[in-house]
Amino acid sequence: MSDIVWEDPFCAAGNNCFRFGTDAEGNAYIAVQGRENHYLTDTAEALRTLIREIKAGKADHLL
């Protein structure tokens, strides 16, 4: 497994802070800040779609 390069945390209005990462193979990762060893991984496009859906209010309970 390649090393994951994590971006700066993204924090919602509450205390929920998430980090996005990528690796050299083009995989994308998302994790709760401080728990980067427990992450979800998928293609970058799949995670972008997830974020768009959340921002559109379709899954705001996830934030």
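Above this text you will find the structure in question.
A brief look at the structure comes next. From a predicted model like this one, the values you see are computed outputs, not experimental measurements. (Residues numbered from 1 in each chain as written. Predicted model: local features only at pLDDT ≥ 70, side-chain atom pairs only at ≥ 80, totals over all residues. Heavy atoms only, no water.)

## Thoughts on the overall build of the protein
Convention followed: Counting from the N terminus, the helices are DSSP H or I runs at least four residues long and the strands are E runs at least two residues long. Burial classification: accessible surface area is computed with a 1.4 Å probe over protein chains only, and a residue below 20% of its type maximum counts as buried, one above 50% as exposed, and the rest as partly exposed. By definition, residues are in contact when any of their heavy atoms lie within 4.5 Å.
Summing up its helical and strand segments, the protein has one helix and five strands in all. Going residue by residue from the N terminus, the α and β elements of the protein occur as β-β-β-β-β-α. For the protein, the proportion of its 63 residues judged to be buried stands at 24%. Excluding contacts between residues fewer than 6 apart, the proportion of contacts in the protein whose partners are at least 24 apart in sequence is 15%.

## Observations regarding the packing of aromatic side chains
Defined as follows: Centres within 6.5 Å are what make two rings of Phe, Tyr or Trp a pair, Trp counting through its six-membered ring; a difference in plane orientation under 30 degrees is then read as stacked, over 60 as edge-to-face, and the rest as tilted.
Scanning the entire structure with this criterion turns up three aromatic pairs. When the centroid spacing of 5.0 Å and the interplanar angle of 85° are considered together, the rings of tyrosine 29 and tyrosine 39 count as edge-to-face. You can see tyrosine 29 sitting in strand β4 (residues 27-32) and its partner tyrosine 39 sitting in strand β5 (residues 39-43), a full 10 residues away along the chain. Members of the aromatic cluster, joined through ring pairs, are Trp6, Tyr29 and Tyr39.

## A word on the side chain of aspartate 23
Rules: Contacts described as polar in this section are N or O atom pairs within 3.5 Å, which, within protein, must combine one atom able to donate a hydrogen with one able to accept it, while residues neighboring in sequence count only if both atoms come from side chains.
Tracing the sequence through the fold places aspartate 23 in the loop between β3 (17-22) and β4. For aspartate 23, the side chain forms a polar contact with the side chain of tyrosine 29, separated by 2.6 Å.

## Topic: helix α1 (residues 44-55)
In plain terms, the rule: Helix span, as expected, comes to 1.5 Å for every residue beyond the first.
A rise of 1.5 Å per residue sets the reference length of α1, with its 12 residues, at 16 Å; its end C-alpha atoms lie 16 Å apart and thus fit the reference within 8%. Backbone geometry just downstream of α1 places glycine 57 in the positive-phi region, at approximately 85°.

## Examining the pairing of β4
Applied cut-off: At least two bridges found by DSSP between two strands are what make those strands a pair.
When β3 meets β4, the two strands line up antiparallel, connected through five bridges. Bridge pairing in β4 places phenylalanine 20 opposite isoleucine 30. Linkage of β4 to β5, two consecutive antiparallel strands, is achieved through a turn of six residues, within which glycine 34 is found at a positive phi near 90°.

## Examining the pairing of β5
Pairing of β4 with β5 involves five bridges; the strand directions are antiparallel. Residue pairing for β5: alanine 28 is matched across the bridge by aspartate 42.

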